[in-house]
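Chain by chain, the residues:
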Amino acid sequence: MISVLQRVRQAHVEVGDEVIGRIGAGLLVLLCAEQGDGDAEAERLLAKVLRLRIFSDAAGKMNRSVQDVGGGLLVVSQFTLAADTRSGNRPGFSQAASPAEGRRLYEHFVQRARELHPEVQTGEFAADMQVHLVNDGPVTIPLRIEPAGSSQKQ
């Protein structure tokens, strides 16, 4: 699974003219399932998101997690994170999970996040969304969890 985390002061997502998810300080989590991903990869990615120390402590060092600071999570599906741009000028998306499996893994990630974290908001899977954020820092962190048995390094 692929994720891009953005530490935010605030963020919200709209579908049409309606705000469907909003957080204050916390993490915007852009999320993409790839071919071969399953529940185990979603669980490992979520654990990393919740424990990653990218919030400042009293000394100004990145030493606190989103759980430590009580920040929100805004989870937004984004299959374009699986873009293959190695050839030509048009990205390919053949490595993205099928829409049905992508939705299932997105929903699994969100359900588990809600079980483990007090504030979780979402976008709408496969919708045309407008995501608004104030990036704090800016801090933007890419994360990738390879499927079990993959030869690529995590």
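Whatever comes next refers back to the structure up there.
Residues numbered from 1 in each chain as written. Predicted model: local features only at pLDDT ≥ 70, side-chain atom pairs only at ≥ 80, totals over all residues. Heavy atoms only, no water.

### Concerning the overall build of the protein
Then, in step 1: Within the protein, the regular secondary structure consists of three helices and eight strands.
Then, in step 2: Secondary structure elements of the protein, listed N to C terminal, follow the sequence β-β-β-α-β-β-α-β-α-β-β.
Then, in step 3: Its C-alpha radius of gyration of 15 Å places the protein within 12% of the 15 Å reference for a compact globule of 154 residues.
Then, in step 4: Once the C-alpha set of the protein is aligned to its principal axes, its extents read approximately 45 × 40 × 35 Å.
Then, in step 5: When each of the 154 residues of the protein is scored for burial, the buried share is 42%.
Then, in step 6: For the protein, long-range pairs separated by at least 24 residues make up 72% of all intrachain contacts whose partners lie at least 6 apart in sequence.
Then, in step 7: Carbon and sulfur atoms make up 47% of the accessible area of the protein, which amounts to about 8400 Å² in all.
Then, in step 8: With 17 positive and 19 negative side-chain charges, the protein shows a spacing of 8 Å between the two charge centroids. (Helix = DSSP H or I, 4+ residues; strand = E, 2+ residues; numbered from the N terminus. Rg over C-alpha atoms; globule rule 2.2 N^0.38 Å. Buried < 20%, exposed > 50% of the residue type's maximum accessible area, 1.4 Å probe, protein only. Contact = heavy atoms within 4.5 Å. Areas by Shrake-Rupley, 256 points an atom, 1.4 Å probe, with all protein chains shown as cover. Lys, Arg positive; Asp, Glu negative; His and termini not counted. Charge placed at Lys NZ, Arg CZ, Asp CG, Glu CD.)

### Regarding helix 3 (residues 99–116)
Then, in step 1: Between its terminal C-alpha atoms helix 3 stretches 26 Å, which fits the 26 Å expected from 18 residues at 1.5 Å a residue.
Then, in step 2: Of all the residues in helix 3, the buried ones are G102, L105, Y106, H108, F109, V110 and A113.
Then, in step 3: The inward-facing, buried residues of helix 3 contact strand 3 (26–32), helix 1 (39–51), strand 6 (72–77) and strand 7 (120–122). (Expected span 1.5 Å × (residues − 1).)

### So, the pattern of salt bridges
Then, in step 1: According to the stated counting rule, one finds ten salt bridges in the structure shown.
Then, in step 2: D136 is paired through a salt bridge with R7; the nearest N and O atoms lie 3.4 Å apart. Of this pair, D136 sits in strand 8 (residues 129–144) while R7 sits in strand 1 (residues 2–15); the two residues are 129 residues apart in sequence, bridging distant segments of the chain.
Then, in step 3: Between R144 and E146 there is a salt bridge whose closest N-O contact spans 3.4 Å.
Then, in step 4: In this structure E146 comes out as buried when scored by relative accessible area, which is 7%.
Then, in step 5: Residues joined in a network through salt bridges with shared partners are R7, R9 and D136. (Salt bridge = Lys/Arg side-chain N within 4 Å of Asp/Glu carboxyl O.)

### So, the nonpolar core
Then, in step 1: Within the largest apolar cluster, 28 residues are counted, with the highest numbers of intra-cluster contacts made by L27, V29, L45, V49, L73, V75 and F109.
Then, in step 2: For this core, the elements supplying multiple residues, two or more each, are strand 3, helix 1, strand 6, helix 3 and strand 8.
Then, in step 3: Membership of the second largest hydrophobic core comes to ten residues, among which are V4, V8, L30 and M129. (Core = buried A, V, L, I, M, F, W, Y, C linked by side-chain atoms within 4.5 Å.)

### Remarks on the packing of helix 1 against helix 3
Angle between the axes and distance between the axes: these two values describe a pair of packed helices.
Then, in step 1: Across the interface, helix 1 lies against helix 3 with an axial gap of 10 Å and an inter-helix angle of 45 degrees. By the angle class used here, helix 1 and helix 3 are oblique. In this structure, the crossing between helix 1 and helix 3 has a hand that is right-handed. Counted together, D39, A42, E43, L45, L46, V49 and L50 of helix 1 and R104, L105, H108, F109, R112, A113 and L116 of helix 3 form the full contact between these two elements. (Axes fitted to C-alpha atoms, helices over the stretch in contact; angles between N-to-C directions. Parallel < 35°, antiparallel > 145°, perpendicular 65-115°, else oblique. Left-handed = near helix turned anticlockwise from the far one by under 90°.)

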